[in-house]
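Examining the three-dimensional arrangement
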Amino acid sequence: MNHEIAVSKAKEIADRMLAPAARQSDKDARFSSEAVAALGSTGLLGIMLSTDLGGSALGPRTFAAVIAALAEADASAAMVYLMHLCGTATIAGAPSSAAVVQTLKDIAAGRHLTTLAFSEAGSRSHFWAPVSRAKRNGDSVRLSAKKSWVTSAGQAQSYVVSALAPDGSGPTDSTLYLFPSATPGLSVAGPWDGLGMRANASAPMILEDCEVESGLQLTDDGAGFRAMLEIVLPLFNLGTSSVALGLCRAAVAGTATHLNSARFEHLGQTLGESLPTLRAQLATMQIDTDGLAARIDDLIDHLERPRETTMLRVLESKAAAGDIAIAVTSAAMRVCGGAAFSKHLAIERLFRDAHAGAVMAPTGDVLREFIGKAVLGIPLF
Ligand SMILES: Cc1cc2nc3c(=O)[nH]c(=O)nc-3n(C[C@H](O)[C@H](O)[C@H](O)COP(=O)(O)OP(=O)(O)OC[C@H]3O[C@@H](n4cnc5c(N)ncnc54)[C@H](O)[C@@H]3O)c2cc1C
């Protein structure tokens, strides 16, 4: 599969499956297993894996375009996919034990969904500092932890879990492990009823004295933090920026459709024909959306050809994208007025979904804190 084929497959799934169901999935907070099955059967679950594992060895450009295409129809499904690809990249970076290789082959074959379980009730949005600690138990490790938010909770076949290393001394001395969903003691700890991203099952999970075999330890002891920064963060920030882009594109398209169809009958004109102020706001939405697309292109270029400014771009992209998605979808709410407020249009779902980006760690505030420190030359941690 090449870039164009991957993007056209994503668009096909978005148009045929996601868009028609998005409204009801959001209302019912229903996770779309059908969408995951479609992503699997088209080979999209393994797009970044090497060809020897059965993947397509595609890079960040395809990752971003596929996520944006999915998000334009259903941001919840795009977020599920994004978490899966971040988890998959982490597993692919692990020493290749038989269990790891089999998991990666299952992912490439479309049979396995994974996700990240980093955030903990104890350290909240500071995902880089788990408070749970793994305990060595002969060749295996045991872990008890309260994971506060896990996208695809109860739906994924495995969870990439962080914990303090058994002998770690500092707050970031973590290790990453892969827990299969059938691990005894692993359970979903409550329902998911969020303001936005309602169809992605982002529920809390509990690990009660869960055992993980040594072949499923994904990093060396204490090297979890490095994997979070080097593997997860660039992809996650690019992916959440791409979700934001999909939301902005959907908001522009939905607003344009409304302005071209809603009418002032007494004036014999559509809203768009009648009111320059609405056209001006739509124009600003379009400018912001295209600006975000350009920012994402620039980040992709920095990831394809890493250089000194790459980490700064990684941090900036998610901070900016979160604000732009909120600004564009807020403008769409205002322009579409009562039709948006009374939920006749999809706009209010986009508006709610857009707010998740700024809350998800690293939050917009934390990113600004990091960027400010980076510009001043102050160590980030
Ligand atoms: C839809 C959704 C899906 C998610 N899925 C996952 C998942 O799959 N896996 C996972 O591990 N996590 C996931 N999360 C969790 C997410 O990454 C955060 O950990 C979670 O939202 C914690 O938020 P909090 O408000 O409790 O954090 P808090 O730490 O309580 O933050 C509260 C406020 O303080 C601000 N703040 C915190 N620290 C600083 C600082 N140092 N400087 C400045 N401001 C600061 C924050 O920006 C925020 O405004 C998900 C979250 C959402 C919303």
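Looking at the overall build of the chain
Scanning the chain for helices and strands turns up 11 helices and 9 strands. Here the C-alpha radius of gyration of the chain, 21 Å, is about what a compact globule of 381 residues would show, namely 21 Å. Projected onto its principal axes, the C-alpha positions of the chain cover 80 × 45 × 40 Å. Counting all 381 residues of the chain, 54% fall into the buried class.

A word on the site of the ligand
For the ligand, the set of nearby residues contains 18 residues, the closest of which are S119, R124, S125, T363 and D365. Between F118 and the ligand, the recorded distance is 2.9 Å, taken from a backbone N or O atom to an oxygen atom. Summarising the interface, the protein chains cover 74% of the accessible area of the ligand, which totals 970 Å² for the free molecule. Of all the elements in the fold, those that place two or more residues in the shell around the ligand are strand 3 (140–150) and helix 11 (364–376). Of the residues belonging to the shell around the ligand, the class tally is 10 nonpolar, 6 polar and 2 charged.

Digging into the domain arrangement of the chain
Domain annotation for the chain reports domain 1 (3–113), domain 2 (115–220) and domain 3 (225–376). Inter-centroid distance (C-alpha atoms) of domain 1 to domain 2 is 21 Å. Buried area between domain 1 and domain 2, both sides added, is near 2,000 Å², and the carbon and sulfur share of it is 66%. The three residues of domain 1 that bury the most area against domain 2 are F31, M83 and L113, which together make up 26% of that side's buried surface. The interface formed by domain 1 and domain 2 includes 0 salt bridges. Here domain 1 and domain 2 share 8 residue pairs in polar contact (both at pLDDT 80 or more) between them. Those elements giving two or more residues to the side of domain 1 that touches domain 2 turn out to be helix 1 (3–28), helix 4 (75–92) and helix 5 (98–108). At 9 residues, helix 4 tops the list of elements feeding residues into the side of domain 1 that touches domain 2. When the residues that make up the side of domain 1 that touches domain 2 are grouped by side-chain class, the tally is 13 nonpolar, 9 polar and 4 charged.

Regarding the sheet that holds strand 7 (residues 203–212)
Strand order in the open sheet formed by 4 strands is 2-3-7-6, and the pairing between neighbours is antiparallel. Taken across any chain shown, the strands that pair with only one partner, and hence form the sheet edges, are strand 2 (135–137) and strand 6 (186–188). Along the sheet, successive strands turn relative to each other by an average axial angle of 15°, direction set aside. When strand 2 meets strand 3, the two strands line up antiparallel, connected through 3 bridges. When the sheet's bridge partners are listed, R136 is paired in strand 3 with V141.

Notes on the sheet that holds strand 4 (residues 158–164)
Pairing in this open sheet of 3 strands is mixed, and the strands run 1-4-5 from one edge to the other. Only two strands of the sheet have a single neighbouring strand rather than two, namely strand 1 (114–117) and strand 5 (174–180). Between one strand axis and the next, the sheet turns by 25° as a mean value, whatever way the strands run. Strands strand 1, strand 4 and strand 5 of the sheet are contacted by helix 4, whose axis makes an angle of about 85° with strand 1.

Re helix 2 (residues 33–41)
Residue pairs three or four apart in sequence face the same way in an α-helix, which turns once every 3.6 residues. Turning to helix 2, its buried residues number three or more, namely A35, V36, A38, L39 and G40. Among the structural elements, helix 1, helix 3 (60–73) and helix 4 are those in contact with the buried residues of helix 2. The first or second residue beyond helix 2 is G43, which carries a positive phi of 85°.

Some thoughts on helix 9 (residues 310–341)
Given a rise of 1.5 Å per residue, 32 residues ought to cover 46 Å, yet the end C-alpha atoms of helix 9 are separated by just 40 Å, more than 12% below that figure. Most pronounced at V335, the bend in helix 9 amounts to some 85°. Phi turns positive, to about 65°, at K343, one or two residues after helix 9.

Considerations on the environment of M285
Structurally, the position occupied by M285 is in helix 8 (residues 276–304). Taking relative accessible area as the criterion, M285 reaches 1% and is therefore assigned buried. Each C-alpha atom of the pair M285 and A331 lies 7.1 Å from the other, and the pair is 46 residues apart in sequence. Setting aside its immediate chain neighbours within four residues, M285 contacts A251, V252, T255, V328, A331 and A332.

So, the layout of surface pockets
If you add up the space inside the largest pocket, you get close to 630 Å³. Lining the largest pocket we find 32 residues, and of these S119, W149, V359, M360 and A361 sit closest to its centre. Every element with two or more residues in the lining of the largest pocket is listed here: helix 4, strand 3, helix 6 (224–261) and helix 10 (347–359). Residues from two domains meet in the lining of the largest pocket; each of domain 2 (115–220) and domain 3 (225–376) gives at least three. Considering only enclosed or pocket space, the second largest pocket measures out at about 290 Å³ in volume. Forming the boundary of the second largest pocket are 17 residues, of which E72, A73, A250, G254 and A346 lie nearest the centre. Only helix 1, helix 3, helix 6 and helix 10 provide two or more residues apiece to the lining of the second largest pocket. The residue makeup of the lining of the second largest pocket, split by class, is 10 nonpolar, 3 polar and 4 charged. Formed jointly, the lining of the second largest pocket draws a minimum of three residues from each of two domains, domain 1 (3–113) and domain 3 (225–376).

Each value, and the rule that gives it
Residues numbered from 1 in each chain as written. Predicted model: local features only at pLDDT ≥ 70, side-chain atom pairs only at ≥ 80, totals over all residues. Heavy atoms only, no water. Helix = DSSP H or I, 4+ residues; strand = E, 2+ residues; numbered from the N terminus. Rg over C-alpha atoms; globule rule 2.2 N^0.38 Å. Buried < 20%, exposed > 50% of the residue type's maximum accessible area, 1.4 Å probe, protein only. Near = heavy atom within 4 Å. Polar contact = N/O pair within 3.5 Å; in protein donor to acceptor, adjacent residues only side chain to side chain. Areas by Shrake-Rupley, 256 points an atom, 1.4 Å probe, with all protein chains shown as cover. Nonpolar A, V, L, I, M, F, W, Y, C, P; charged D, E, K, R; others polar. Domains from an automatic or database assignment. Buried area = accessible area lost by both parts, 1.4 Å probe. Salt bridge = Lys/Arg side-chain N within 4 Å of Asp/Glu carboxyl O. Pairing = 2+ DSSP bridges. Axes fitted to C-alpha atoms, helices over the stretch in contact; angles between N-to-C directions. Contact = heavy atoms within 4.5 Å. Expected span 1.5 Å × (residues − 1). Bend = angle between axes of the 7 residues up to and from the residue. 1 Å grid on protein atoms, 1.4 Å probe; cavity = no way out; pocket = protein on both sides within 12 Å on 5 of 7 lines; lining within 4 Å. Points joined across faces, edges and corners; volume = space filled by probe spheres on them.

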